[in-house]
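Report on the structure
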Amino acid sequence: DAGVTQSPTHLIKTRGQQVTLRCSPKSGHDTVSWYQQALGQGPQFIFQYYEEEERQRGNFPDRFSGHQFPNYSSELNVNALLLGDSALYLCASSSTAGSYNEQFFGPGTRLTVL
Amino acid sequence: GDSVTQMEGPVTLSEEAFLTINCTYTATGYPSLFWYVQYPGEGLQLLLKATKADDKGSNKGFEATYRKETTSFHLEKGSVQVSDSAVYFCALISSGSARQLTFGSGTQLTVLP
């Protein structure tokens, strides 16, 4: 079992550019959540996808958008990058089966905006 | 809204010392509570969890008890090792949040030999 995988590992962009981050969930998982972790802080929830739809969204602007594919993998897109978007972006997957939905995290993508 | 307040770090201990990291929360309903650990350069790993009041979560010598009366979930370990050096995050999922995790700001632990 490969666990949650994310790509790329690191990314450097300049202000105003657009970026796409990718996530493959753990085998058997159908739900993907994205989190932003700024340096020295706890992760902040961006949004969650289930059945290819955004199910819940945190307090992030519309520049942050996402997508979930039929194979449950997901993308996070950020438009018009700002310096403040520099962070570690974490993907977490979980399964709606059962009463307790533990979230398993990937290693993250480190985004640097110059 | 939901929130988690963690003991400020960093925390530096000698090997075999006793560890306590305080965590208190504010949430609607009856949240599930978690401790995650993040080793340098890695993502988050679930350390332990508790899903109802008075539950005790435990793993790898770490323990935390869900105290509803004090809205707390303090992490403890009787004897820390150098390999425990990491950042520890307290987190919750409240009953109405569709499984959105709310995290504290994290506590950096360094254990010296």
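First things first, this report covers the structure right here in the doc. Computed from a predicted structure; not experimentally measured.

To continue, consider the overall build of chain B. Counting its secondary structure elements, chain B contains 0 helices and 12 strands. Taken from N to C terminus, the helices and strands of chain B fall in the order β-β-β-β-β-β-β-β-β-β-β-β. The C-alpha atoms of chain B give a radius of gyration of 14 Å, which matches the 13 Å a tight globule of 113 residues would have. Here the C-alpha coordinates of chain B stretch approximately 45 × 30 × 20 Å along the principal axes. Look at the contacts in chain B between residues 6 or more apart in sequence, and 57% of them connect residues 24 or more apart. When the accessible area of chain B is evaluated, it comes to approximately 5,200 Å², of which 48% is carbon and sulfur surface. Taking the average location of the 8 positive side-chain charges in chain B and that of its 11 negative ones, the two points are 9 Å from each other.

What follows deals with the sheet that holds strand E7 (residues 64-68) of chain A. Residue and element names in this part refer to chain A. Overall, antiparallel pairing links the 4 strands, which are arranged E1-E3-E8-E7 in an open sheet. At either margin of the open sheet sits one strand with a lone partner, and together these are strand E1 (5-7) and E7. Neighbouring strand axes in the sheet, compared pairwise and without regard to direction, differ in orientation by 20° on average. With 5 bridges connecting them, strand E3 (residues 19-24) and strand E8 (residues 74-78) associate as antiparallel partners. Residue pairing in the sheet places Thr20 in a bridge with Asn77 of E8.

The rules we used
Residues numbered from 1 in each chain as written. Chains lettered and ligands numbered in written order. Predicted model: local features only at pLDDT ≥ 70, side-chain atom pairs only at ≥ 80, totals over all residues. Heavy atoms only, no water. Helix = DSSP H or I, 4+ residues; strand = E, 2+ residues; numbered from the N terminus. Rg over C-alpha atoms; globule rule 2.2 N^0.38 Å. Contact = heavy atoms within 4.5 Å. Areas by Shrake-Rupley, 256 points an atom, 1.4 Å probe, with all protein chains shown as cover. Lys, Arg positive; Asp, Glu negative; His and termini not counted. Charge placed at Lys NZ, Arg CZ, Asp CG, Glu CD. Pairing = 2+ DSSP bridges. Axes fitted to C-alpha atoms, helices over the stretch in contact; angles between N-to-C directions.

In short, geometric facts, not functional conclusions.
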